[in-house]
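In case you want the letters, here they are:
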Amino acid sequence: LYLHPLHTRLDGDVSLCRDCDALPALLDPRSKSRCPRALADVFVVVSPQCPPDPTREDGSGVWLVRGYDGVEPEVESEAALLGLLEHVVSTFPIDRARIAAVGTSIGGFACLELASRQPGLLCAIVPIAAYYPWNVEQLLDRLTSA
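Since we're looking at a predicted model, the values are computed, not measured.

The rules behind each value
- Residues numbered from 1 in each chain as written.
- Predicted model: local features only at pLDDT ≥ 70, side-chain atom pairs only at ≥ 80, totals over all residues.
- Heavy atoms only, no water.
- Helix = DSSP H or I, 4+ residues; strand = E, 2+ residues; numbered from the N terminus.
- Buried < 20%, exposed > 50% of the residue type's maximum accessible area, 1.4 Å probe, protein only.
- Contact = heavy atoms within 4.5 Å.
- 1 Å grid on protein atoms, 1.4 Å probe; cavity = no way out; pocket = protein on both sides within 12 Å on 5 of 7 lines; lining within 4 Å.
- Points joined across faces, edges and corners; volume = space filled by probe spheres on them.
- Nonpolar A, V, L, I, M, F, W, Y, C, P; charged D, E, K, R; others polar.
- Core = buried A, V, L, I, M, F, W, Y, C linked by side-chain atoms within 4.5 Å.
- Phe/Tyr/Trp six-rings, centres within 6.5 Å; stacked < 30°, edge-to-face > 60°.
- Pairing = 2+ DSSP bridges.
- Axes fitted to C-alpha atoms, helices over the stretch in contact; angles between N-to-C directions.
- Parallel < 35°, antiparallel > 145°, perpendicular 65-115°, else oblique.
- Left-handed = near helix turned anticlockwise from the far one by under 90°.

Colleague: So what's going on with the overall build of the chain? Residues and values would help.
Modeller: Of regular secondary structure, the chain possesses 5 helices and 5 strands. When the helices and strands of the chain are listed from N to C terminus, the series reads β-β-β-α-α-α-β-α-β-α. Residue burial in the chain is summarised as follows: out of 146 residues, 35% are buried. For the chain, the proportion of contacts with a sequence separation of at least 24, taken over those separated by at least 6, is 52%.

Colleague: I'd like a description of the layout of surface pockets, backed by residues and values.
Modeller: Over the atoms a probe the size of a water molecule is rolled, and this reveals where empty space is left. Put simply, the largest pocket is a space of about 540 Å³. Forming the walls of the largest pocket are 21 residues, and the residues nearest its centre are F43, V44, R98, I99 and A100. Elements represented by at least two residues in the lining of the largest pocket include exactly helix 3 (75-91) and strand 4 (100-104). Taken together, the residues of the lining of the largest pocket break down into 19 nonpolar, no polar and 2 charged.

Colleague: Lay out the side chain of E74 with the relevant residues and their values.
Modeller: Topologically, E74 is positioned in the loop between helix 2 (37-41) and helix 3. In this view, E74 contacts L64, V65 and R66; residues no more than four positions away in its chain are not counted.

Colleague: Tell me what's going on with the nonpolar core, and back it up with residues and numbers.
Modeller: In this structure, L1, L3, W63 and L81 are the most contacted members of the largest nonpolar core, which totals 25 residues. Breaking this core down by element, the ones donating at least two residues are helix 3 and helix 4 (106-117). Residue contributions to this core peak at 7 residues, all from helix 4.

Colleague: I'd like to hear about the packing of aromatic side chains, residue by residue, with values.
Modeller: Evaluated as defined, the whole model comprises 3 aromatic pairs. The interplanar angle of 80° and the centroid separation of 5.3 Å between the aromatic rings of F109 and W134 together place this pair among those described as edge-to-face. Within this pair, whereas F109 is found in helix 4, its partner W134 is found in the loop between strand 5 (124-128) and helix 5 (136-145), the two being separated by 25 residues in sequence. When its relative accessible area of 22% is taken as the criterion, W134 is described as partly exposed. Between Y132 and W134 the ring centres are 5.9 Å apart and the planes differ by 80°, which places this aromatic pair in the edge-to-face class.

Colleague: I'd like a description of the sheet that holds strand 4, backed by residues and values.
Modeller: Strand order across the open sheet formed by 3 strands is 1-4-5, with parallel pairing between neighbours. Edge positions in the open sheet fall to strand 1 (2-3) and strand 5, since each of these has one partner strand only. When strand 4 meets strand 5, the two strands line up parallel, connected through 5 bridges. If you follow A100 over to strand 5, its bridge partner there is A124. Strand contacts of helix 4: strand 1, strand 4 and strand 5, with the helix running at about 145° to strand 4, the strand carrying the most contacts.

Colleague: Explain the packing of helix 4 against helix 5 residue by residue, including any values.
Modeller: Packing of helix 4 against helix 5 leaves a shortest axis separation of 8 Å and a crossing angle of 50°. Relative to helix 5, helix 4 is oriented oblique. Considering how the two elements wind past one another, helix 4 and helix 5 form a crossing that is left-handed. Residue-level inspection shows L112, E113, A115 and S116 of helix 4 in contact with helix 5, the latter providing L139, R142 and L143. Of the residues belonging to the contact of helix 4 with helix 5, the class tally is 4 nonpolar, 1 polar and 2 charged.

This is how it looks when you write it as structure tokens:
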């Protein structure tokens, strides 16, 4: 599972598939980047687009919360994300014990939150330059108590 940063969208200023070093761009066969064979041939990469936040004028959204500095969980997008994962896992031969999440910036935030909210769902998370505005000690407690 790859969760993109705030300003990276399919239809935004920074295209998820063209203008960045995100997994979708790396996997694009037209890309000039060198994609590791294992990533292209062995892994199933799911990279959903974060739903837009109606409070933002630029059309971007924030994973799993309402607003950039939101404190209210956004349960609809979490349910949609979990539904997407369930669909992919039930459709393709994927080992449920080997599902990992990678996220950049606000996508890293989403990796941390998803792992803490859904214990046992992910075998590993890789939050890259994660933005995390809340209490990190409480997050660590939730991640390590499951």
